[in-house]
Amino acid sequence: MSLEIIFEDDYIICINKPNNVLVHHAFLSRNVGDEDSLLQLIEKEIGIKVYPIHRLDRKTSGLILLAKEKEHVSKFQELFTTKQIQKTYFGVVRGFSPETKTIDSPVKGRDANVHKEALTYLRTLANITLDIPVKPYDSSRYSLVEFLPQTGRMHQLRVHSNKISHPLIGDAKYGDKNHDTMFAENFGWKNLFLHAGKLEFIHPFSSEKMILKGTFPKDWIEMFEEFKWKNPLL
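Let me sum up the structure you'll find in this document. Remember, it's a predicted structure, so these values are computed and weren't measured experimentally. (Residues numbered from 1 in each chain as written. Predicted model: local features only at pLDDT ≥ 70, side-chain atom pairs only at ≥ 80, totals over all residues. Heavy atoms only, no water.)

### Quick look at the pattern of salt bridges
- All told, the structure shown has 7 salt bridges when counted by the stated rule.
- Here Asp 57 ties to Arg 158 by a salt bridge, and the two come within 3.1 Å at their closest N and O atoms. With a gap of 101 residues between them, Asp 57 in the loop between strand 3 (51-52) and strand 4 (61-67) and Arg 158 in helix 3 (residues 156-163) connect regions that are remote in the sequence.
- Residue classification places Asp 57 among the partly exposed positions, given a relative accessible area of 21%.
- The shortest N-O distance in the salt bridge between Arg 123 and Glu 146 comes to 3.2 Å. Here Arg 123, found in strand 9 (residues 120-130), pairs with Glu 146, found in strand 10 (residues 140-149); they are 23 residues apart in sequence, far enough to count as distant.
- Assessed through its relative accessible area of 14%, Glu 146 is described here as buried.
- Within the structure, one salt-bridge network assembled from shared partners comprises Asp 57, Arg 158 and Asp 171. (Salt bridge = Lys/Arg side-chain N within 4 Å of Asp/Glu carboxyl O. Helix = DSSP H or I, 4+ residues; strand = E, 2+ residues; numbered from the N terminus. Buried < 20%, exposed > 50% of the residue type's maximum accessible area, 1.4 Å probe, protein only.)

Here is the structure:
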């Protein structure tokens, strides 16, 4: 695997993480086998030890910021806690999602017994109806959506999509298996269609305005072509 570096300076490195790569091997991570984590891959390929600044699900692709020195982590994490960083995600969901939607359902945190406040802004970018039956209907409908999460709860976007009855395609935990199977059988697309596409913030050390964009994985590029949808990062 060859890692795609989006940005690098003396303080951070921004990687475009592929689907199904764990950021680091946590004690509770299940079914990881002998696969290298992102931190291990960076150490092997680039030869540096780095420290994650924020989280990105194993199944989610896209941008992740990592600090080159442990002492720099908190300065960047502060951007997230004080809402000075704008994260833009893109997803493909079942059905025709609303043009715009504010989703504020509480989401269970890492402690599964406690629900925490969560806020996501959703905007629909494109729709399609396919003449491919998916039970119980004789056709299937999908939407390309943009998510602007205002909080950073675990699985927030996956839970929020499901909450409004428009689950993400390829989400084995919160999604719709019939639609996931259709995507795999008809197009060969099996990954979770959730991509962390853009990060915007003021660099806490250089004061530079940063707009980082992470190119879409192969499945997405094929889908844009197949569905005649415009790539929202272009």
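### A look at the pairing of strand 4
- The buried fraction of strand 4 amounts to 7 of the 7 residues, a majority that puts the element mostly inside the structure.
- Sheet topology note: the strand 2 (residues 12-17)/strand 4 ladder contains 6 bridges and is antiparallel. Within strand 4, the residue paired with Ile 12 across the bridge is Ala 67.
- Bridge analysis of strand 3 against strand 4 gives 2 bridges, and the strand direction is antiparallel. (Pairing = 2+ DSSP bridges.)

### Topic: the side chain of His 179
- By the element assignment, His 179 lies in helix 4 (residues 177-187).
- Taking relative accessible area as the criterion, His 179 reaches 7% and is therefore assigned buried.
- In contact with His 179, not counting residues within four places along its chain, are Arg 94, Val 134, Ser 140, Tyr 142 and Ile 169. (Contact = heavy atoms within 4.5 Å.)

### Quick look at the packing of aromatic side chains
- On inspection of all chains with the given rule, the structure shows 17 aromatic pairs.
- Grouping aromatic residues by their ring pairs yields a cluster made of Phe 90, Tyr 142, Phe 183, Phe 187, Trp 189, Phe 193, Phe 216, Trp 220, Phe 224, Phe 227 and Trp 229.
- Stacked on the ring of Phe 96, the Lys or Arg Arg 141 has its end atom at 4.1 Å from the ring centre. (Phe/Tyr/Trp six-rings, centres within 6.5 Å; stacked < 30°, edge-to-face > 60°. Lys NZ or Arg CZ within 6 Å of the ring centre and 35° of its normal.)

### Thoughts on the environment of Glu 208
- Within the element layout of this structure, Glu 208 appears in the loop between strand 11 (194-202) and strand 12 (209-213).
- Residue Glu 208 is classed as partly exposed on the basis of its relative accessible area, which comes to 42%.
- What Glu 208 contacts, discounting residues up to four positions off in sequence, is Phe 201, Ile 202 and His 203.

### Looking at the nonpolar core
- Ile 15, Leu 38, Leu 66 and Phe 147 are the most contacted members of the largest nonpolar core, which has 25 residues in total.
- Those elements that place two or more of their residues in this core are strand 2, helix 1 (38-45), strand 4, strand 5 (85-94), strand 10 and strand 11.
- Of all the elements, helix 1 adds the most residues to this core, at 4 residues.
- Apart from residues no more than four positions distant in its own chain, Leu 38 is found in contact with Leu 3, Ile 15, Lys 17, Val 21, Leu 22, Val 23, Ile 64 and Leu 66.
- The next biggest cluster of nonpolar side chains, apart from the first, holds 21 residues, and it includes Val 134, Ile 169, Met 182 and Phe 193. (Core = buried A, V, L, I, M, F, W, Y, C linked by side-chain atoms within 4.5 Å.)

### Observations concerning the side chain of His 155
- Mapped onto the elements, His 155 comes out in the loop between strand 10 and helix 3.
- Not counting the four nearest positions on each side in its chain, His 155 is found in contact with Asp 57, Lys 173 and Tyr 174.

### Observations regarding unusual backbone geometry
- The omega torsion across Lys 135 and Pro 136 is 0°, close enough to zero to call that bond cis.
- Looking at the secondary structure, you find Pro 136 in the loop between strand 9 and strand 10.
- Phi angles above zero are rare outside glycine, and Ser 165 is one such case at about 65°.
- As for its placement among the helices and strands, Ser 165 is situated in the loop between helix 3 and helix 4.
- The exposure class of Ser 165 is partly exposed, given its relative accessible area of 45%.
- Positive phi outside glycine occurs at Lys 228, with the angle close to 55°.
- Inspection of the secondary structure puts Lys 228 in the segment after helix 5 (218-227).
- Judged by its relative accessible area of 73%, Lys 228 falls in the exposed class.

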